[in-house]
Amino acid sequence: MSAIARHLGVDWRTAWAEARRWVKKPKRLKGVKTLGVDEHICRPGLRGTNRAVTVFVDLTRDENGCLHARLLDAVEGRSGAVYADW
């Protein structure tokens, strides 16, 4: 998220707030055929506590076979329940 914020020229909190609004839109899942999942430990802010986060990414290739990965969601937690709830 920090890299995205730097790229967009905004602070971390602004980028995270926008991402949280975007992932609530059901149309973001349209056309997803291949789902990638990754788990991370992140620390939001300099004084935040470590948090486990599961990230869901669209890894569907286009008609030319090119991959244009899209972030679909980032959910706090790292367990089977996180996958099932998503």
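Going by the structure above, here's the rest.
Residues numbered from 1 in each chain as written. Predicted model: local features only at pLDDT ≥ 70, side-chain atom pairs only at ≥ 80, totals over all residues. Heavy atoms only, no water.

Participant: With reference to specific residues and values, describe the sheet that holds strand β2 (residues 51-58).
Facilitator: Strand order in the open sheet formed by three strands is β1-β2-β3, and the pairing between neighbours is antiparallel. With one partner strand each, in any of the chains shown, β1 (35-42) and β3 (70-76) form the two edges of the open sheet. Mean inter-strand twist for the sheet, computed between neighbouring axes without regard to direction, equals 25°. The pairing of β2 with β3 spans six bridges and is antiparallel. Directly across from Val55, in β3, lies its bridge partner Ala74. (Pairing = 2+ DSSP bridges. Helix = DSSP H or I, 4+ residues; strand = E, 2+ residues; numbered from the N terminus. Axes fitted to C-alpha atoms, helices over the stretch in contact; angles between N-to-C directions.)

Participant: Please provide a residue-by-residue account of the environment of Gly36, values included.
Facilitator: One can find Gly36 in strand β1. Given a relative accessible area of 12%, Gly36 falls into the buried group. When the C-alpha atoms of Gly36 and Val55 are compared, they prove to be 8.1 Å apart, with 19 residues separating the residues in sequence. Discounting chain neighbours no more than four positions away, the residues touching Gly36 are Val55, Phe56, Val57 and Leu59. (Buried < 20%, exposed > 50% of the residue type's maximum accessible area, 1.4 Å probe, protein only. Contact = heavy atoms within 4.5 Å.)

Participant: Hey, could you go over the packing of aromatic side chains for me, with residue numbers and the actual values?
Facilitator: Here the structure, examined in full by the defined rule, presents three aromatic pairs. For the pair Trp12 and Trp16, a centre-to-centre distance of 5.7 Å together with 5° between the ring planes defines the contact as stacked. Remark: Trp16 and Trp12 occur in helix α2 (residues 12-22); sequence separation between them is four residues, near one turn of the helix. Note on Trp12: relative accessible area 27%, which makes it partly exposed. With a centroid separation of 4.3 Å and 5° between ring planes, the pair formed by Phe56 and Trp86 is classed as stacked. Here Phe56 is found in strand β2, whereas its partner Trp86 is found in the segment after α3 (80-85), with 30 residues between them in sequence. (Phe/Tyr/Trp six-rings, centres within 6.5 Å; stacked < 30°, edge-to-face > 60°.)

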